[in-house]
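Chain and residue survey
Here is how the chains run, residue by residue.
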Amino acid sequence: MAMAEMNAKEPKPFTGKTVLAWLFGFFGVIFAANAVFLYLAFGSFPGVVVESSYKAGQSYNQEIAAARAQEELNWQISSEVVRKDGAGGQLVVTAADADNNPLYGIDLRATLKHPAQGNADIELSLTADGGGRYIAEMEELPVGSWNLILEIDQDGTRKFKSENRVFVKD
């Protein structure tokens, strides 16, 4: 029996240096993971939505006045994003005045803005299709959630603006 006891190794003692090494290793892994996540977060979304908050605040009253004027017009504007074969799509906007007459002679702009990535925005060029319908063709329409911003100018003045969330399915 004495021989068996001699062959058995005694475990190393758990010293202060061992505890310190484990603590440094544990927190080192945590800090490294946090550093990677911070790098990826700041690289994908810098957090800048408006370049100048002061200028955006100054135009707030103008936006309120424009919204009131838009409401008084009572225009009937509808839009639809349609997925086509492949990766493409189509935006169809129908514009009518308060008496349900088609709107002609207007300048219509549309933008599909990605909610999280400013560099993924899609500017759309709409062409009149007759009867107050305006169409924009898109060769590539990525799947996902988008903010559709429609702006209508008439006689050089913005008369209508809307922002709606649309979801493009595969």
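An account of the accompanying structure is given in this report. (Residues numbered from 1 in each chain as written. Predicted model: local features only at pLDDT ≥ 70, side-chain atom pairs only at ≥ 80, totals over all residues. Heavy atoms only, no water.)

1. Quick look at the overall build of the chain
The helix and strand inventory of the chain stands at four helices and eight strands. Shown N-terminal to C-terminal, the secondary structure of the chain runs as helices and strands in the order α-α-α-α-β-β-β-β-β-β-β-β. Expected size for 170 residues packed as a compact globule is a radius of gyration near 15 Å; at 30 Å, the chain overshoots this value by more than 25%. For the chain, the spread of C-alpha atoms along the principal axes amounts to about 105 × 45 × 20 Å. For the chain, the residues scored as buried account for 22% of the 170 residues in total. Long-range pairs, those at least 24 residues apart, make up 56% of the contacts in the chain with a sequence separation of at least 6. (Helix = DSSP H or I, 4+ residues; strand = E, 2+ residues; numbered from the N terminus. Rg over C-alpha atoms; globule rule 2.2 N^0.38 Å. Buried < 20%, exposed > 50% of the residue type's maximum accessible area, 1.4 Å probe, protein only. Contact = heavy atoms within 4.5 Å.)

2. What about the nonpolar core?
Membership of the largest hydrophobic core comes to 23 residues, with the highest contact counts inside it found for Leu91, Leu112, Leu124 and Leu126. At the level of elements, strand S2 (89–96), strand S3 (107–113), strand S4 (122–125), strand S6 (133–138), strand S7 (144–154) and strand S8 (157–168) are the ones that each hand at least two residues to this core. If near-sequence neighbours (up to four positions away) are discounted, Leu112 is found in contact with Asp121, Ile122, Leu124, Met138, Leu141, Trp146, Asn147, Leu148 and Val166. (Core = buried A, V, L, I, M, F, W, Y, C linked by side-chain atoms within 4.5 Å.)

3. Quick word on the pattern of salt bridges
As enumerated under the stated definition, the model contains eight salt bridges in all. Salt-bridge contacts for Arg109 lead to Asp153; the nearest nitrogen and oxygen are separated by 2.7 Å. In this pair, Arg109 sits in strand S3 while Asp153 sits in strand S7, placing the two residues 44 residues apart along the sequence. We classify Arg109 as partly exposed; its relative accessible area is 32%. Of the charged contacts, one joins Lys113 and Asp121 as a salt bridge, the two residues approaching to 3.2 Å between their closest N and O atoms. The class for Lys113 is partly exposed, based on a relative accessible area of 33%. Take Asp121: its relative accessible area is 25%, and that puts it in the partly exposed class. Taken together, the shared-partner salt bridges in this structure form one network comprising Glu63, Asp107, Arg109, Glu151, Asp153 and Arg158. (Salt bridge = Lys/Arg side-chain N within 4 Å of Asp/Glu carboxyl O.)

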